[in-house]
Amino acid sequence: MHRSYVAEARRRVGPKRERIRPVIERLAAAHPEAVIALRFRSELELLVSVMLSAQTTDVTVNRVTERLFQKYRRPEDYLAVPLEELEADLRPTGTFRQKAKNVRGAMRVLLEEYDGEVPTRLEDLVRLPGVGRKTANVVAAERGATQGIVVDTHVRRLSQRLGFTRQDDPVKIERDLMRLVPREDWARFPHLLIWHGRRVCIARFPRCEECALADLCPSSRV
Ligand code: SF4
């Protein structure tokens, strides 16, 4: 897009500080069911589900965990079987060798340092093998201990298109969003963008003509 066109588009929609609330309100109205799609019944199941969800779909993870969580109920259970057995159980989620290694590593740290409990602080969560800031943010937010904003591929793309950030690096995008998004919306904001990104603001073909944000979006093509 031409530079002056971008500037003109930004002028048309107004400053991001004035747009953020109506954007959130309209997305919440458009996607009232926007919640985490992973299925879990405990903090441990939440942690494992999110760890398994990298580079696969939530549907696949739910299919795998339905049986997995009957077999592995406590952190010890993941360490009690041979590594190959856990790998086979995780296989459909892809990159299963790495995931099995990480899950076992995380369980070991939980047992050794946290009495087998999943911690809530981001700085503790990111100490678990295979748990990066994104995973830690998801886990913390779902437990009502939100400390940041989850930035995945949809959040990144939509934040850029909506003119909420000029950054490309997820950590810098998160910093921009934390300055912009009201604190009480940190948990639901990524879900709203993820659902909007899957249904309307699709990566290759954004459906601007159907988008509830068209008049608030500097990248709108309508
Ligand atoms: S107007 Fe278009 S580019 Fe902007 S958020 Fe909607 S679909 Fe995405």
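Residues numbered from 1 in each chain as written. Predicted model: local features only at pLDDT ≥ 70, side-chain atom pairs only at ≥ 80, totals over all residues. Heavy atoms only, no water.

*Asks:* Pulling in residues and values, what's your account of the environment of D176?
*Replies:* Summarising the element assignment, D176 is placed in helix α11 (residues 170-180). Discounting chain neighbours no more than four positions away, the residues touching D176 are F164, T165, R166 and Q167. Polar side-chain contacts of D176 include one of 2.6 Å to the side chain of T165. (Helix = DSSP H or I, 4+ residues; strand = E, 2+ residues; numbered from the N terminus. Contact = heavy atoms within 4.5 Å. Polar contact = N/O pair within 3.5 Å; in protein donor to acceptor, adjacent residues only side chain to side chain.)

*Asks:* Can you explain unusual backbone geometry? Please cite residues and give values.
*Replies:* The backbone phi angle of Q55 is positive, close to 55°, even though this residue is not glycine. If you trace the backbone, Q55 turns up in the loop between α3 (43-52) and α4 (58-71). If you check the backbone angles, T95 has positive phi at about 35° while not being a glycine. The residue T95 is located in the loop between α6 (83-90) and α7 (96-113) in this model. Classification of T95 by relative accessible area gives partly exposed; the value is 46%. (Buried < 20%, exposed > 50% of the residue type's maximum accessible area, 1.4 Å probe, protein only.)

*Asks:* Give a detailed account of the nonpolar core, specifying residues and quantitative values.
*Replies:* Ranked by size, the top nonpolar core spans 35 residues in total, and within it L47, L68, Y78, M107, L110, L125 and L128 carry the most contacts. Elements supplying a minimum of two residues to this core: α3, α4, α6, α7, α8 (122-125) and α9 (133-142). Those residues in contact with L125, other than ones at most four positions away along the chain, are V118, P119, T120, V131, A136, V139 and A140. Core analysis: the second largest hydrophobic core is formed by 27 residues, L177, L180, V181 and C201 among them. (Core = buried A, V, L, I, M, F, W, Y, C linked by side-chain atoms within 4.5 Å.)

*Asks:* Can you lay out the side chain of D77 for me, pointing to particular residues and giving the numbers?
*Replies:* Within the secondary structure, D77 sits in helix α5 (residues 75-80). Residues in contact with D77, not counting those within four places in the same chain, are K71 and Y72.

*Asks:* Describe the side chain of D152, with residues and values.
*Replies:* Along the chain, D152 falls in the loop between α9 and α10 (153-161). The buried charged residue D152 lacks any salt bridge, with K134 as its nearest oppositely charged partner at 5.6 Å. A polar atom in the side chain of D152 sits 3.0 Å from the backbone nitrogen of H154. A distance of 2.9 Å separates the side chain of D152 from the backbone nitrogen of V155, its partner in a polar contact. Beyond its immediate chain neighbours, meaning those up to four positions away, D152 contacts K134 and I194. (Lys, Arg positive; Asp, Glu negative; His and termini not counted. Salt bridge = Lys/Arg side-chain N within 4 Å of Asp/Glu carboxyl O.)

*Asks:* Before we move on, could you go through the packing of α10 against helix α12 (residues 188-199) and cite the residues and values that matter?
*Replies:* Orientation of α10 relative to α12, taken along the N-to-C sense of each, is 85°, at an axis distance of 8 Å. The angle between the axes of α10 and α12 places the two elements in the roughly perpendicular class. Where α10 abuts α12, its residues H154, V155, R157, L158 and S159 lie against P190, L193, I194, H196, G197 and R198. (Axes fitted to C-alpha atoms, helices over the stretch in contact; angles between N-to-C directions. Parallel < 35°, antiparallel > 145°, perpendicular 65-115°, else oblique.)

*Asks:* Now, about the layout of surface pockets: what can you tell me, with residues and values included?
*Replies:* In this approach the atoms are scanned with a rolling probe the size of a water molecule, which exposes any empty space left behind. The space that makes up the largest pocket amounts to roughly 670 Å³. Along the walls of the largest pocket sit 31 residues, with S53, A54, D58, K134 and D152 positioned nearest its centre. Those elements that provide at least two residues to the lining of the largest pocket are α3, α7, α9, α10 and α12. Split by residue class, the lining of the largest pocket holds 14 nonpolar, eleven polar and six charged. (1 Å grid on protein atoms, 1.4 Å probe; cavity = no way out; pocket = protein on both sides within 12 Å on 5 of 7 lines; lining within 4 Å. Points joined across faces, edges and corners; volume = space filled by probe spheres on them. Nonpolar A, V, L, I, M, F, W, Y, C, P; charged D, E, K, R; others polar.)

*Asks:* Account for the environment of E123, naming residues and giving values.
*Replies:* Its place among the elements puts E123 in helix α8. In this structure, the C-alpha to C-alpha distance between E123 and I149, residues 26 residues apart in sequence, is 14 Å.

*Asks:* I'd like to hear about the packing of aromatic side chains, residue by residue, with values.
*Replies:* Under the defined criterion, the tally for this structure stands at one aromatic pair. Aromatic pair Y72 and Y78: ring centres 4.7 Å apart, planes at 20°, arrangement stacked. Overall, the relative accessible area of 2% leaves Y72 in the buried class. (Phe/Tyr/Trp six-rings, centres within 6.5 Å; stacked < 30°, edge-to-face > 60°.)

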